[in-house]
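# Notes for the structure review
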Amino acid sequence: MTVKEKYEKWLKADLNDDLRKQLLSYNEEEINDAFYRDLEFGTAGIRGVLGPGSNRLNVYIIRKVSNAFARFLINNDPANREKGVCISHDNRLYSREFTLEAAKMLASFGIKVYIFDDLRATPELSFAVRKMHAAGGIMITASHNPKEYNGYKVYDEEGCQLTPEKIQPYIDLINEMGSELDTEFGDFTPKGEIVTLGKEVDDDFIAHVKSILLNPDLDKKDFKIVFTPQHGASLEVAERLFKELGYTVTYVKEQCNHDPLFGGTKSPNPEIPCAYDLAIEYAKRIDADVIMCTDPDADRCGIVIKNKDGEYVLYTGNQTGALLINYVMQERKRHGLLHENGVVFDSVVTSSFGADIARSYGLSTESVLTGFKWIGDKMKHYEITKEKVFEFGYEESYGYVLAPFVRDKDSLQACMMMAEMVNYYRLQGKTLDVVYEELQQKFGYHKDKLFSIYFEGQNGQAKMDSIMLGLRTSPLKEVLGMKVAYTEDYKSSKVVDGNGNLIKTIDLPSTDLVKIYFQDGSNIAIRPSGTEPKCKFYYGVIGKSQAEVDAKPDAMHNDILKQLGL
């Protein structure tokens, strides 16, 4: 169907007043953007701007993808009807309505559905799938995106997002369907039961989080935390955990209501510095030791530390990951809990710093593709083979998991371990910047930086495709005078030297990512985002001093943008 045909079909549909009003308000450009394509699944499910249209997220899209998920589960095993599906949601606009609509669709196919009485964090959804021995899960969230967005993520029976080979039959079912407006409910008899999950799931999840701690009885007198859930789903569980563990916590009250418009924050994304502006004001007033921030669905966690000079500094996911790996492995070793065949997972765009630290504890390390589903998939693999034991998994994008009772990023695990870590070093008279400096003196000075360039609208994807094609057909030869040593192309699964000669192949699934290594040890990875209309540039440099590495990522980025004509 053409854009015009799709638009006219929507105009004739029996829409609610809000959707019809929005549809009628569209100008020509907005009509084109809302209908030029169907919203697609990416690396983390389906995510889009709310509103009417095939390229918008609305109740009709929710019905369509839920209908396909129901048939996908039943096709895999009719017994999945009784195993059921767990559904949760964050605080975003229409999240509860979408949850109930998805539940209604699944139930119409005879599938049992478990829903929470209110919003819950993504990691607790993953936990609930495992606890209830469900066939799968659904999380209604757009993670850290702006308020205009919402999304829909699906999980397998392990509480892990589906890897491409698992999810492809589901995507095929979606693509075989017609217009989202024509989606019908199932006619299975009897309908699936819709069960409200009780307090026991919260209690069990909290008990599991507490079980990972290594020094929970440290003296907490005069240790002060500022915490913000960014209006999201971590608040109630985090409050219980902090209270039961005996921490003194000041909450950023303006960001503790579940406002779907995020009215109390400049951004709900822990990766963006302005997300911490109000929390830093709180911290200065009470002289807090640390600030912790979770995103709306509470899978990501960011940290601002008070450094040795009393200044509040936001740490990146790479920096925090390195610190957590060192502390956790150090204390697990001291307590006799470190496995000889332990493994730490990161992603191919994560800093090498954390892996260097992990190997110093005798652990093996493995890099997987971006998306925490790959780490969850590896957890399952080694549970079956017994070759290695999971110790830690993380990505540079503020996602961490310390114990495998959850198969997705878990901000609650991360927050509780961060609190313990900061307090542990405080009692030794050290701030985290001092600890980080000690690690850099031992393993080399690392500077890792991410830049994102947005390409909105219909032409955005074509522009990103052009950038990636150019990197492959006209490879970079040097940047800032540094010669290319070799390039990893994760789409062709080939590693080639600076002259284009094949060195080896990559034993990972194909994905649109190019990583370039330079002769001085620096590297850059470039990939289109799987969930947002942007291209990401990840820089990693290593040197013998902070001064040597500080300005280098920016200089590399400027040179590459010139070479790419951006």
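To keep things clear, this report deals only with the structure shown in the data block. Just so we're clear, the structure is a prediction, and the values are computed from it rather than from any experiment. Throughout, residues of each chain are indexed from 1 in the direction in which the sequence is written. Two thresholds apply to this predicted model, a pLDDT of at least 70 for residue-level local features and 80 or more for giving and counting side-chain atom pairs, whereas whole-chain, interface and lining totals are computed over all residues. To get the side-chain values, take all heavy atoms of the structure and skip hydrogens and water.

### A look at the nonpolar core
Counted only if it meets this: Within this scheme, the nonpolar core is defined by two criteria: the residues are buried Ala, Val, Leu, Ile, Met, Phe, Trp, Tyr or Cys, and they are joined through side-chain atoms within 4.5 Å. Any residue under 20% of the maximum accessible area for its type is buried, any over 50% is exposed, and the rest in between are partly exposed; the area is computed with a 1.4 Å probe on protein chains only. Secondary structure is summarised from DSSP: a helix means a run of H or I of at least four residues, a strand means a run of E of at least two, and numbering begins at the N terminus for each. Should any heavy atoms of two residues lie within 4.5 Å, those residues are considered in contact.
In this structure, Ile 225, Phe 242, Met 292, Ile 303, Phe 392, Leu 412 and Met 417 are the most contacted members of the largest nonpolar core, which totals 73 residues. For this core, the element with the highest residue contribution is helix α15 (residues 411-426), accounting for 11 residues. Apart from residues lying up to four places away in sequence, Met 417 is in contact with Ile 212, Leu 213, Leu 214, Leu 324, Tyr 327, Val 328 and Leu 402. The next biggest cluster of nonpolar side chains, apart from the first, holds 50 residues, and it includes Ala 103, Met 105, Phe 109 and Ile 138.

### Observations concerning the sheet that holds strand β12 (residues 312-315)
By way of backbone hydrogen bonds, the strands of a sheet pair with one another, either parallel or antiparallel. Using the following cut-off: For two strands to pair, DSSP has to find at least two bridges joining them. Angles shown run from 0 to 180 degrees and are taken between the N-to-C directions of axes, each axis being a line fitted to C-alpha atoms and, for helices, limited to the stretch in contact.
Here we have five strands laid out as an open sheet, ordered β9-β8-β10-β11-β12, and mixed in their pairing. Bordering the open sheet on either side are β9 (248-251) and β12, each of which pairs with just one other strand. Here the average twist between neighbouring strands, direction ignored, is 25 degrees. Sheet analysis places strand β8 (residues 224-228) next to strand β10 (residues 290-294), joined by four bridges and oriented parallel. The partner of Val 226 across the bridge, within β10, is Ile 291. Sheet contacts for helix α10 (residues 235-245): β8, β9 and β10; angle to β9, the most-contacted strand, approximately 155 degrees. Across the sheet, helix α11 (residues 277-286) touches β8, β9, β10, β11 (301-306) and β12, and the angle it forms with β8 is around 160 degrees.

### Considering the environment of Ser 351
How we decide: Counted as a polar contact is a pair of N or O atoms within 3.5 Å, where, for protein atoms, one must be capable of donating a hydrogen and the other of accepting one, and residues adjacent in sequence contribute only when both atoms are in side chains.
Position of Ser 351 among the secondary structure elements: in the loop between β13 (342-347) and α13 (353-360). The exposure class assigned to Ser 351 is buried, which follows from its relative accessible area of 3%. Considering only alpha carbons, one finds Ser 351 and Glu 395, 44 residues apart in sequence, at a separation of 8.9 Å. Filtering out sequence-adjacent residues up to four positions away, Ser 351 remains in contact with Asn 318, Asp 346, Tyr 394, His 446 and Asp 448. At 3.0 Å, the side chain of Ser 351 forms a polar contact with the backbone nitrogen of Phe 353.

### Quick word on the packing of aromatic side chains
Put simply, the rule is: Aromatic contacts are taken between Phe, Tyr and Trp rings whose centres are within 6.5 Å, Trp giving its six-membered ring; a plane angle under 30 degrees counts as stacked, one over 60 as edge-to-face, and the others as tilted. Lysine NZ or arginine CZ positioned within 6 Å of the ring centre and within 35 degrees of the ring normal marks a charge as sitting over the ring.
According to the stated counting rule, one finds 26 aromatic pairs in the structure shown. Judged by centre distance (5.8 Å) and plane angle (75 degrees), the rings of Tyr 7 and Phe 35 are edge-to-face. Highlighted residues: Tyr 7 in helix α1 (residues 3-12) and Phe 35 in helix α3 (residues 28-35), separated in sequence by 28 residues. Of the two residues, Tyr 7 and Phe 35, neither departs from the other in class, the shared state being buried. Both rings, one in Tyr 94 and one in Phe 98, keep their centres 6.0 Å apart while their planes meet at 25 degrees; by these two values the pair is stacked. Following the ring pairs from residue to residue traces out a cluster consisting of Phe 223, Phe 227, Phe 242, Tyr 247 and Tyr 251. Its guanidinium or amino end placed over the ring of Phe 185, Lys 104 lies 4.8 Å from that ring's centre, counting from NZ or CZ. Here the guanidinium or amino end of Arg 285 rests over the ring plane of Tyr 282, the centre of that ring lying 4.7 Å away.

### Overview of the sheet that holds β13
Reading across the sheet, the four strands line up as β14-β13-β15-β16 and stay open at both edges, with mixed pairing between neighbours. Sheet topology places β14 (364-368) and β16 (399-401) at the edges, where each strand pairs with a single neighbour. Averaged over all neighbouring strand pairs, the angle between strand axes comes to 20 degrees, with direction disregarded. Across five bridges, the pairing between β13 and β14 is parallel. Across the sheet, Val 343 pairs through a bridge with Ser 364, a residue of β14.

### Section: the environment of Phe 518
The topology assignment puts Phe 518 in strand β22 (residues 514-518). Between the C-alpha atoms of Phe 518 and Tyr 486, which are 32 residues apart in sequence, the distance is 7.0 Å.

### As for the pairing of strand β19 (residues 482-489)
Pairing analysis gives two bridges linking strand β18 (residues 478-479) to β19, with the strands arranged antiparallel. The residue of β19 that forms the bridge with Glu 478 is Lys 483. Where β18 folds back on β19, the antiparallel hairpin that results is connected by two residues, among which Leu 480 adopts a positive phi of roughly 55 degrees. The pairing of β19 with β22 spans five bridges and is classified as antiparallel.

### Comments concerning α3
What counts here: Directions from the helix axis toward the C-beta atoms define the arc.
Burial in α3 covers these residues: Ile 31, Ala 34 and Phe 35. Considered in projection along α3, the buried side chains sweep an arc of 80 degrees and stay on one side of the axis. If you follow the buried residues of α3, they end up packed against α1 and α2 (17-25).

### A look at the pattern of salt bridges
Pairing of side chains with opposite charge becomes possible as their charged atoms draw close. The criterion, for reference: What counts as a salt bridge is simple: a side-chain nitrogen of Lys or Arg found within 4 Å of a carboxyl oxygen of Asp or Glu.
Under the definition given, this model contains 41 salt bridges. The closest approach of N and O atoms between Lys 409 and Asp 299, which form a salt bridge, is 3.6 Å. With Lys 409 in the loop between β16 and α15 and Asp 299 in the loop between β10 and β11, this residue pair connects regions lying 110 residues apart in the sequence. Each member of the pair, Lys 409 as well as Asp 299, carries the same accessibility label: buried. The closest approach of N and O atoms between Glu 478 and Lys 483, which form a salt bridge, is 2.9 Å. In this structure, a network of salt bridges that share partners links the residues Arg 130, Glu 158, Lys 380, Glu 383 and Arg 407.

### With respect to the side chain of Lys 64
Our working definition: We treat Lys and Arg as the positive residues and Asp and Glu as the negative residues; His and chain ends play no part in the count.
Along the chain, the position of Lys 64 falls in helix α4 (residues 59-76). Nearest to the buried, unbridged Lys 64 among oppositely charged side chains is Asp 38, at 4.3 Å. Setting aside chain neighbours within four positions, we find Lys 64 in contact with Asp 38, Ile 174, Met 177, Gly 178, Glu 180 and Thr 183.

### So, unusual backbone geometry
With an omega dihedral of 5 degrees, the bond running from Thr 189 to Pro 190 counts as a cis peptide bond. By secondary structure assignment, the location of Pro 190 is in the loop between α8 (164-176) and β7 (194-197). Phi is positive for His 133, close to 55 degrees, though the residue is something other than glycine. Relative to the helices and strands, His 133 resides in the loop between α7 (122-131) and β5 (136-140). What makes His 133 exposed here is its relative accessible area of 63%. With a phi angle near 55 degrees, Ser 143 is a residue other than glycine that sits in the positive phi range. As for its position among the elements, Ser 143 is in the loop between β5 and β6 (149-155).

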